[in-house]
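Observations on the model geometry
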Amino acid sequence: MADSPRCVNIDWLELYCYEPITPRDPQYYEARGLSVRVREYGTRHWGQVFTILDEVGEDFIEVRRAPRKTVNGKHAIYPDNACNLRLVNRYCYYDTAMWLMNDFIEKHGYMIRRIYRLDICLDFLKFDSGDDPADVARRIIRHKYAKVYQSERTAHGRDYWNGCEDNSLSWGRKGSMIVTRFYNKSLELATVHDKPWIKQAWHRCGLIADPVAPIIVGKDGRVVGDAVWRVEFQINSSARGWFVDDSQDKPEYVPHTIEAYWNKSLLLQAFANLARHYFDFRIYEPAKKKYDCKRKELFDIKTEDETYSLKNTLAKRAYDKTMSQQLKWLMQIRGGVYEPDDVAACERLIATIKERERRQEGYEIY
C-alpha cells in the first residue's frame, strides 16, 4: 500500500448531451430559483453560453447550447437540441464529481450522448521509482528515455546561461484521442493561475504541509522547495472504450462512460491503464529496436493503493464591489479554511447574509 493516498483527480469533465423538448435556457433555470451568469457572446458552434451558480454564488456547471445554424457558410454539425455541459474545475476535485454531474443531468432531463472531454491526472513529488520528475524531464529531452507511442511532442521551459530546463511536456497531435501531459503543476499554479482547491487536495494527500501558503518562485524561475509534478491524460470525444490487457487470454473491455469513473479508486485504475500505454518510456540504446530496450518503470500502481476523499474545496472568488464588508470578510475567511465542518459553517453564514441582503433590497426569496 502506498505511504500516502494517491492524489488522483478529474481536472476536466465535459459531456455532450441532448436537451429535453423544453429548452434548458437561462430562463428555465432562473424560474427554478437558480442563479445564472450569461456570457455576452457564444462560441463558434454554440449560440448561447452560460454558467449556473451554486447556492453560495460559486460557478457550478457551464452550459453551451443553441447550436448555430451555419458555421462558415456550412450547416451546423449538431442537432437543434444538442448541448455541452461542463463541470467547473473546482467541482471536478470533489470525490463525488461524476455523481454531481449525473444528478444534475437526471434532475433536468438531459440525455448523455458521450463524454466530450475528460482529463485524469495524478500529482506527486517523486515517481514511485524514486526518480525526481525534473530529472526525468531532462532525460526525455536528451533522449536518454525514449517514448514508445505518440511521437508528436511539445516542450516548454526556460533558457539559462549554462543550459536550459523544460518544465512542461505534452504528446499527441491536435485531434488525437489521447493527449499526454507531464509538467510542473506547482510552477503553473504560481505563475499562471492559483487554484486553492488543488492545493487543498495536495494537503490531504500529504504532498504539502500548508494548503493556503503561497507557492514561492525564485528569481531564476524555479519553485523554491519541493515542486508537485503532474501526469495528465486528456481523453477526447473520439474515445469509446479501453481494452485492458491483464495478461489473461482475452483483454477486458471497459466502456468510456461516466460509470467507469464514479470514484477515486476507479479513477486511479483508469490512470494506471492509460499510463501503462501512453506514459511508456524505454532506456534508449542506439543498436536496439524500441521494444527490445529496457522499460523505464516510473509508476507502480497497485489495486489496493489508497485514494483520498474530498467533499469540500477551497474557492477563489472575485468579490463584487457592491458586496457588504461583512460578506466580504466571511468570503475571505471561507477561502482560508479547508476542514469540511469549517467550510460548511462559513457557507451557512454566507447564505444567511446573502438572503438578508436580498430581502433588504426588496427581492423575494423562493
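Placed above this text is the structure.
Owing to the predicted nature of the structure, the values given are computational and were not obtained by experimental measurement.

1. A short note on unusual backbone geometry
Excluding glycine, a negative phi dihedral is what most residues carry, and trans is how most peptide bonds are arranged. We note that Ala-66 has phi near 55°; this positive angle belongs to a residue other than glycine. Mapped onto the elements, Ala-66 comes out in strand β4 (residues 59-67).

2. Re the environment of Val-228
Along the polypeptide, Val-228 turns up in the loop between α6 (196-204) and β13 (229-236). On the basis of relative accessibility, which here comes to 0%, the residue Val-228 falls in the buried class. It is 4.9 Å that separates the C-alpha atoms of Val-228 and Leu-125, two residues lying 103 residues apart in sequence. Not counting residues up to four positions away in its chain, the partners in contact with Val-228 are Asp-123, Phe-124, Leu-125, Asn-184, Lys-185, Ser-186, Trp-202, Leu-207 and Ile-208.

3. Examining the nonpolar core
With 75 residues, the main nonpolar core has Leu-85, Ile-120, Phe-182, Tyr-261 and Phe-279 as its most contacted residues. In terms of residue count, the dominant contributor to this core is helix α7 (residues 264-278) (7 residues). Once residues within four sequence positions are removed from consideration, Leu-85 is found in contact with Leu-13, Glu-14, Leu-15, Cys-17, Ile-61, Glu-62, Val-63, Met-101, Phe-104, Ile-105 and Tyr-110.

4. Regarding α7
Over its 15 residues, α7 extends 20 Å from the first C-alpha to the last, a length consistent with the 21 Å expected when each residue adds 1.5 Å. Where α7 is concerned, the buried positions are Lys-264, Leu-267, Leu-268, Ala-270, Phe-271, Ala-272, Leu-274, Ala-275 and Tyr-278.

5. Quick notes on the packing of aromatic side chains
Under the definition given, this model contains 24 aromatic pairs. Consider the rings of Tyr-29 and Phe-104, whose centres lie 5.9 Å apart with planes at 15°: the pair is stacked. Of the two residues, Tyr-29 sits in helix α1 (residues 26-30) while Phe-104 sits in helix α3 (residues 97-107), which places them 75 residues apart along the sequence. The pair Tyr-29 / Phe-104 is uniform in exposure class, with both members buried. With a centroid separation of 6.0 Å and 45° between ring planes, the pair formed by Phe-279 and Phe-299 is classed as tilted. Here Phe-299 lies in the loop between β16 (281-283) and α8 (325-334) and Phe-279 lies in the loop between α7 and β16, a separation of 20 residues in the sequence.

Basis of the calculations
Residues numbered from 1 in each chain as written. Predicted model: local features only at pLDDT ≥ 70, side-chain atom pairs only at ≥ 80, totals over all residues. Heavy atoms only, no water. Helix = DSSP H or I, 4+ residues; strand = E, 2+ residues; numbered from the N terminus. Buried < 20%, exposed > 50% of the residue type's maximum accessible area, 1.4 Å probe, protein only. Contact = heavy atoms within 4.5 Å. Core = buried A, V, L, I, M, F, W, Y, C linked by side-chain atoms within 4.5 Å. Expected span 1.5 Å × (residues − 1). Phe/Tyr/Trp six-rings, centres within 6.5 Å; stacked < 30°, edge-to-face > 60°.

From the geometry alone we can't say anything about function, so treat these as descriptive.
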